[in-house]
Amino acid sequence: MAATAVEYTIGGVKIQFPCKAYPSQLAMMNSIVRGLNHGHHCLLESPTGSGKSLALLCSALAWQQAQYEKEGMSHNEFKKPEVTTPCQCACHASRGHSMPRSGYVITFASDNYRPRSSTLASRLSEKRQASLSANADDDFMPDRKRIRSLVVDQKERKRRCLEQGVIIISDDLQGETPITESPSSCFLCPCDGVKRGAKAAEKTKDKDKANNGGSCKKAVPKIFFGTRTHKQIAQIAHELKRTFYTSTPMTILSSRDHTCVHPEVIQHTNRNERCKELLEGKNGQTCRYYHNVHKMRDQGTLQWVHGLQQAWDIEELVRLGSRLRCCSYFAARELMQEAHIVFCPYNYLLDPLIRESMEINLKGQVVVLDEAHNIEDCARDSASYTLSQTQLLAARNEIDGMVYHNIRPIHHGPLGAFCCSLLNWIQESCGALSERDYETSCKVWTGAEVLVIFHGLGITADTFSVLQKHLAAVLEKEERVGLVNGQEDMVEVPTLSAPTQTVLKSLFMVLDFLYRNNCSFAEDYRVALQQTYVWTTQNDPPDLPDAQGFFARRHRRRQGARTKTLVYTLSFWCLNPAVAFTDLSGSVRTIVLTSGTLSPMGSFSSELGVNFSIQLEASHVISKSQVWVGTLGNGPQGRKLCATFQHAETFAFQDEVGALLVRICQAVARGVLCFLPSYKMLDKLRERWTNTGLWEQIEQRKIIVTEPRGGARSDFDELLQSYYDAIKDPGHRDGALLIAVCRGKVSEGLDFTDDNARAVVTIGIPFPNIKDLQVELKMKYNDQHSKTRGLLSGSHWYEIQAYRALNQALGRCIRHRNDWGALILVDDRFRCNPNKYITGLSKWVRQLVQHHNTFGGAMQSLVTFSENQQGAATARANGSCPPEQTEPTKWLPSPSTLSLLLPSTNPTEKATEDPPQDFTPRPHFCKWKFTCVKNHFFHISSCTIFFLDVVRPDPVPAVLQAHLSTLPCLCGLHVLLKVKL
């Protein structure tokens, strides 16, 4: 049975919610609306499965819709096109044109037929349109001169049709609903003069608006909704379909790996390279899919012609692109112009190079970052860059080749000198490296020290700005007159290859941060030169016959022999995430960070350099009986389990963990997830259990699936599907066991609902590798600036990374209100030092932890819990279980019932089970008031009091100040409070 939609009014914004909201959802929506209203940044933690995404979407889009209404605009301007009659002016009437009856000849309103703003796709499309062939079946078409006469003739024919108020739909749209448009008048029409005058007035108004700082009409901010992975975007799009706001104009920014539909490009190992080759028209080939972007570039066309009137995901856009033979990658980028909400992975918003490439402008916009527990790492990575000596050498050689062939030598010359200077410095520094580990050496400089070194190489802030201009010049597309087959023709000037462009752009991005604001970020960087060895596999070349045609049998190496190669890498590491985050915090209207595992929340403000004035830690929506949380410090044989490096390497520990998993798989039916600290431990356990037979014992009970270390996305999806299939159809077994790694693909954002995860087992505590050079430098950096910048100490930061990874793994289990499962933390440190290790867990987990001294007692408790939950689920499915008994809702009928909050007094009036007659279900419109608290009402349910749609009384009553002073945000506007009686 579908839930009934409910309207909430929070902070003056009417929010249409698809169902009755949980208290945690009301709290989130209240915080988001308050932040958007006042332009404040929000830091919101809500447990996984508590409806966080739904609250985010509804509150943000409702606020945006309210802004459109304030500005006198419709929140959805893309209505169904209207079919109108042709222009009846004198010049059109004299030509005797009438409305055609064919379904493929469409009219469109001339007011809507105007040139689009220039974008990357439109500019390239217009430039390449002249090279299209009349053959509609070819994907690649050579550029030939004889085609131009056909194109000119086709354009002339289309121009005449436009003057007649008619658009002819191409053959590609046969069998589909054509685009409904209306006639455009010619330039001789009197009506056209009026329209041109109106357009000129609009342009003048736009100019005045720009000159006056936007005083004419305030632009409504777009919402940029960032998630960690594309898989999470699909989940968000599914949630948006459930809401009242499903028809909001939207787009999804993604990579070519997810959106390209060209049959040749998708088979290429490097889709970006092949796509750019086709766009540049190399080898006389162009991409016909790209030239059809106009079929999907408008929100109105997408919704009313192609049927995507509701929220869609990437797969739906790709299917549409394949059917229309249209590039869905560039179509998604074009749709961003008219979109009200833009979904993308959040590194698209943090990385300055990706923002520039995708033409993302965040000034004055709203940025929502979901699953933002890794935002600090992502921000640091966005401002960092690592390249090898081989990459730099290849870039230098290509630039020298440009100079040698006299291709823009004025601009390429300084760039080549820059690469030479870096190569010489690397070569000179190789002798000063210090041995760090086995076959590993390194040397580290601070950012300030590197700037001094660069000054000696002739690279300063002034010369760097000149280098930036040279780089911009060599990247520009340019055509010159040249000889082609003995005849003069326009030829395109060659440009640098994509790998070389990436090297130069990334280096310049880092240098821009180093020189920015008078080198204020120099101390936030560490530059490391590392020497390592890389093992590569080489196969023998094929045998070739000699001059007489005989094959000589030469000495062969072993098949797949591995050779060791020396590699030098230069890393520019940003240790302060605030460096990259300043581009966002200094320009956007509001930043909303949300996740189920943000605790401790204080580190985000100091690490990101942002003042999150609105913070929230919401409670879970499930009851305590639905989850079993326990720690185990001993295994079945009574051995102590402590997954430190020293213990984890022993066979005794590995055997005990294997026996423990066997018992858990016997106690818990269906799906079980097991998370390990590292891939190294996974490999060791798999090897040991295979030798001892423990692996086979587990497989007798459940199918075992292990997370791969790398590999293609399709391989991972196939592996994951095999796990789901094993649970749905286990055969003679009882489900499946998925062994994964913390911080891996399985632990981040995947949804294991119901039987897919009835238990989550974590082995050890997933601390980062303490021997990693970058981790060591970050800890030292935090210790150095902990007092001056308020950063966490290095050791505290190190522990938090482990807790957040652990909380993410534990969050795979409970995915909705009726879900149930067990969380099993295997490590003796949780029991021995709970103040240190338990406090780092999420709030809802921390409150339910039970320490079990014996393994037998824990298993008995776990079996009882699992059997009870399975029995209750079976009874509910069969309809034999009576509905859950809950305390009836009670309404306080008079102002004097405020005394119910005071344990020392007796209420003079008794609460009734019937609501007041003048009570409206929507809290904002409640007419019932108290004499002492203005615009408050109290709803008692299950011994809980909720203050809904609170308006701050002025002054705050002393009775509330005295007895409710411990409640957070009592005096804040539009807050949700929860009080246990």
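Numbering of residues starts from 1 in each chain and follows the order in which that chain's sequence is written. pLDDT decides what is reported in this predicted model: residues at 70 or higher carry local features, side-chain atom pairs at 80 or more are listed and counted, and totals for whole chains, interfaces and linings draw on all residues regardless. Side-chain descriptors were evaluated using all non-hydrogen atoms of the structure, hydrogens and water having been removed beforehand.

As recorded in an unreviewed UniProt entry, the protein chain goes by DNA 5'-3' helicase and comes from Scleropages formosus. Per UniProt, the comment on the protein chain under Catalytic activity (unreviewed entry) is "ATP + H2O = ADP + phosphate + H(+)". UniProt positions are given in the numbering used here, feature names are shortened, and annotations may be inferred rather than shown by experiment.

S.K.: In this structure, what is going on with the sheet that holds strand 6 (residues 223-227)? I would like to understand it.
M.R.: Strands belonging to one sheet form pairs held by backbone hydrogen bonds; the direction of such a pair is parallel or antiparallel. The strand order 7-8-6-9-17-3-18 describes an open sheet built from seven strands, whose pairing is parallel. Looking along the sheet, the strands with just one partner apiece sit at the ends: strand 7 (250-252) and strand 18 (614-617). Averaged over neighbouring strand pairs, the angle between their axes works out to 15° when direction is ignored. Here strand 9 (residues 366-369) runs beside strand 17 (residues 590-595); their pairing, made up of four bridges, is parallel. Of the residues in strand 17, the one forming a bridge with V366 is T590. Residues are treated as being in contact if the distance between any of their heavy atoms lies within 4.5 Å. Here, axes are lines fitted to C-alpha atoms. For helices the fit covers the stretch in contact, and angles between N-to-C directions go from 0 to 180 degrees. Helix and strand labels come from DSSP, where a helix needs a run of H or I of at least four residues and a strand needs a run of E of at least two; each type is numbered from the N terminus. Sitting on the sheet, helix 22 (residues 578-585) is in contact with strand 9 and strand 17, with an inclination near 125° to strand 17. Only when DSSP finds a minimum of two bridges between them are two strands counted as paired.

S.K.: I would appreciate a short explanation of unusual backbone geometry in the present structure.
M.R.: Working note: non-glycine residues mostly have negative phi, and peptide bonds are mostly trans. One non-glycine residue, E371, adopts positive backbone phi at about 50°. With respect to the element layout, E371 can be found in the loop between strand 9 and helix 16 (375-382). Using a 1.4 Å probe on the protein chains alone, a residue whose accessible area is under 20% of its type maximum counts as buried, one over 50% counts as exposed, and one in between counts as partly exposed. The buried category is assigned to E371, whose relative accessible area is 11%. For N517, which is not glycine, the phi torsion reads 50° and is therefore positive. Relative to the assigned elements, N517 resides in helix 21 (residues 498-519). Relative accessible area serves as the criterion here: at 54%, N517 is assigned to the exposed category.

S.K.: Please clarify how the nonpolar core should be interpreted in this entry.
M.R.: What tends to happen in soluble globular proteins is that the nonpolar side chains get buried as a cluster. Among buried residues, those of type Ala, Val, Leu, Ile, Met, Phe, Trp, Tyr and Cys that are joined through side-chain atoms within 4.5 Å constitute a nonpolar core. Counting residues in hydrophobic clusters, the biggest one holds 148 residues, and the most contacted among them are F343, I375, L507, F581 and L593. Examining the composition of this core, we find that 10 residues originate from one element, helix 21, more than from any other. If sequence neighbours within four positions are ignored, F343 has contacts with L57, F225, I233, I236, L240, M250, T251, I252 and L253.

S.K.: How should empty space enclosed by the protein be read in this particular structure?
M.R.: A water-sized probe rolled over the atoms picks out the places where empty space is left. Cavity: a set of points on a 1 Å grid over the protein atoms alone where a 1.4 Å probe fits but cannot get out. Pocket: an open set with protein on both sides within 12 Å along at least five of seven lines, its lining residues, like those of a cavity, having an atom within 4 Å of a point. Grid points are joined across faces, edges and corners, and a volume is the space filled by probe spheres set on the points. Taken as a whole, this structure holds nine cavities of 30 Å³ or more when the rule is applied. In this structure, the second largest cavity encloses a volume near 100 Å³. For the second largest cavity, the full set of lining residues is R256, C260, V261, H262, V265, C275, L279, C287, Y289, Y290, C327 and Y329. Basically, the charged four are Asp, Glu, Lys and Arg, the nonpolar ten are Ala, Val, Leu, Ile, Met, Phe, Trp, Tyr, Cys and Pro, and anything else, Gly included, counts as polar. Per-class residue counts for the lining of the second largest cavity are 10 nonpolar, one polar and one charged.

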